[in-house]
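# Observations on chain architecture
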Amino acid sequence: MGNIDHILAFNREYVASKGYEKHITDKYPDKKLAILSCMDTRLSVLLPEALGLQNGDAKIIKNAGAVVISPWDSVMRSLIVAVYELGVKEVMVVAHTTCGACHMSFSHFREEMLERGIPESELSREDIDLHAWLEGFKDTEDSVRKTVDTIVHHPLIPKGIVVRGFIIDSVTGALTEIK
């Protein structure tokens, strides 16, 4: 039995025992807060605990590196929905120490993709710059600043939305604000 099958078995028991009841809330974040964070597994529990968040307090958006790649990517779409539909008034960008996105590159992925049977024609597409799309960053602080700047200056984000950037320690949960 694979991981997904184990998860499904657990889920059936969880629902049957009403384990969900302690988490019931609505779609509106109680703290009117959205957080863009990295998808790193070390942050799954650490991030909300270190920030003192309970279920329903904030919209948490995760991707590789806690970055906005372009002003029109899915992160910005989610933030815009959070502001206009869900009442978000503050945004935290929370990157973390020892992030793997610091070392990402298309060159690295390209070799792995070829080894796994992805055709060369898919890796040399003309409709997308895979080098830019899969490139990480070298400086986490600079990445946070760029992401905050992209959000703050987005033409669809209204004035008055507070956007601040941080780096969380992947072990201790300590936050450092990036100015």
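None of the values given here were measured: they were computed from a predicted structure. Here the residue index of a chain counts from 1 through its sequence in written order. Only residues with pLDDT of at least 70 get local features here, since the model is predicted, and only at 80 or more are side-chain atom pairs given and counted; chain-wide, interface and lining totals rely on the full set of residues. Water and hydrogen atoms were dropped before computing side-chain values, which therefore reflect all heavy atoms in the structure.

### Things to note about the packing of aromatic side chains
Any pair of aromatic rings gets described here by the distance separating the centres and the angle formed by the planes. Within 6.5 Å between ring centres, the rings of Phe, Tyr and Trp (the latter by its six-membered ring) count as paired, and their orientation is classed by plane angle as stacked under 30 degrees, edge-to-face over 60, tilted in between. In the structure shown here, the tally under the stated rule is 1 aromatic pair. Residues phenylalanine 10 and tyrosine 14 carry aromatic rings whose centres are separated by 6.1 Å and whose planes lie at 25 degrees to one another, so their mutual orientation is stacked. With phenylalanine 10 and tyrosine 14 both in helix H1 (residues 3–16) and 4 residues apart, this pair spans about one turn of that helix. We count a stretch as a helix when DSSP gives it H or I for four or more residues in a row; a strand needs E for two or more, and each element gets its number in order from the N terminus.

### Observations concerning the sheet that holds strand S5 (residues 175–178)
Pairing between strands requires that DSSP locate at least two bridges from one strand to the other. The strand order across the open sheet formed by 5 strands is S2-S1-S3-S4-S5, and the pairing between neighbours is mixed. Whereas interior strands pair on both sides, the edge strands pair on one side only; in this sheet they are strand S2 (58–63) and S5. Here the strands of the sheet are splayed against their neighbours by 25 degrees on average, with no regard to which way each runs. As paired strands, strand S1 (residues 33–38) and S2 are joined by 6 bridges and run parallel to one another. If you follow alanine 34 over to S2, its bridge partner there is lysine 59. To get an axis, a line is fitted to the C-alpha atoms, and for a helix only the part in contact is used. The angle between two axes follows their N-to-C directions and goes from 0 to 180 degrees.

### Description of a nonpolar patch on the surface
On the surface, Val15, Tyr20 and Ile24 cluster together into a nonpolar patch covering about 280 Å² of accessible area. Within the secondary structure, valine 15 is located in helix H1. Partly exposed describes any residue whose relative accessible area lies between the buried limit of under 20% and the exposed limit of over 50%, with all areas from a 1.4 Å probe on protein chains only and scaled to the type maximum. Assessed through its relative accessible area of 44%, valine 15 is described here as partly exposed. Within the patch definition used here, like charges are joined within 9 Å and nonpolar side chains (Val, Leu, Ile, Met, Phe, Trp, Tyr) within 5 Å, considering only residues with over 30% relative accessible area and no salt bridge. The Shrake-Rupley method, run with a 1.4 Å probe sphere, supplies the accessible areas, and residue values consider only the shown protein chains as cover. Whenever Lys or Arg places a side-chain nitrogen within 4 Å of a carboxyl oxygen from Asp or Glu, that contact is recorded as a salt bridge.

### Focus: the pattern of salt bridges
Summed over all chains, the structure comprises 11 salt bridges. The residue glutamate 85 makes a salt bridge to lysine 27 at a minimum N-O spacing of 3.6 Å. In this pair, glutamate 85 sits in helix H3 (residues 74–86) while lysine 27 sits in the loop between H1 and S1, placing the two residues 58 residues apart along the sequence. A salt bridge links aspartate 40 to arginine 42; its shortest N-O distance comes to 2.7 Å. Taken together, the shared-partner salt bridges in this structure form one network comprising Arg110, Glu111 and Glu120.

### A few points about the pairing of strand S3 (residues 90–96)
Counting buried positions over the 7 residues of S3 gives 6, a clear majority of the element. Sheet topology note: the S1/S3 ladder contains 5 bridges and is parallel. In the strand pairing of S3, leucine 33 is matched with glutamate 90. Sheet analysis places S3 next to strand S4 (residues 162–168), joined by 7 bridges and oriented parallel. Within S4, the position partnered with valine 91 by the bridge is valine 163.

### Section: helix H2 (residues 43–50)
Among the residues of H2, those classed as buried are Leu43, Leu46 and Leu47. Buried residues of H2, viewed axially, fall in a sector of 100 degrees; they line one side. The exposed residues of H2 that point more than 90 degrees off its buried face are Val45 and Glu49. In this fold, the buried residues of H2 make contact with S1, S2, S3 and S4. Of the residues one or two after H2, glycine 52 is the one with positive phi, at around 70 degrees. By definition, the arc is the one covered by directions from the helix axis to the C-beta atoms. By the convention used here, residues are in contact when the closest approach between their heavy atoms is within 4.5 Å.

### Some remarks on helix H7 (residues 140–152)
In a regular helix each residue adds 1.5 Å, so 13 residues correspond to 18 Å; H7 covers 18 Å between its end C-alpha atoms and thus fits that length. Turning to H7, its buried residues are Thr140, Ser143, Val144, Thr147, Val148 and Ile151. The arc that holds every buried residue of H7, seen down its axis, measures 130 degrees, which confines them to one face. As for H7, its buried residues are in contact with S1, H3, S3, S4 and S5. Polar contact is defined as a pair of N or O atoms within 3.5 Å, subject to the rule that within protein one atom must be able to donate a hydrogen and the other to accept it, and that residues adjacent in sequence are counted only when both atoms are side-chain atoms. Looking at where H7 begins, the residue whose side-chain oxygen comes 3.0 Å from the main-chain nitrogen of glutamate 141 is aspartate 139. Helix span, as expected, comes to 1.5 Å for every residue beyond the first.

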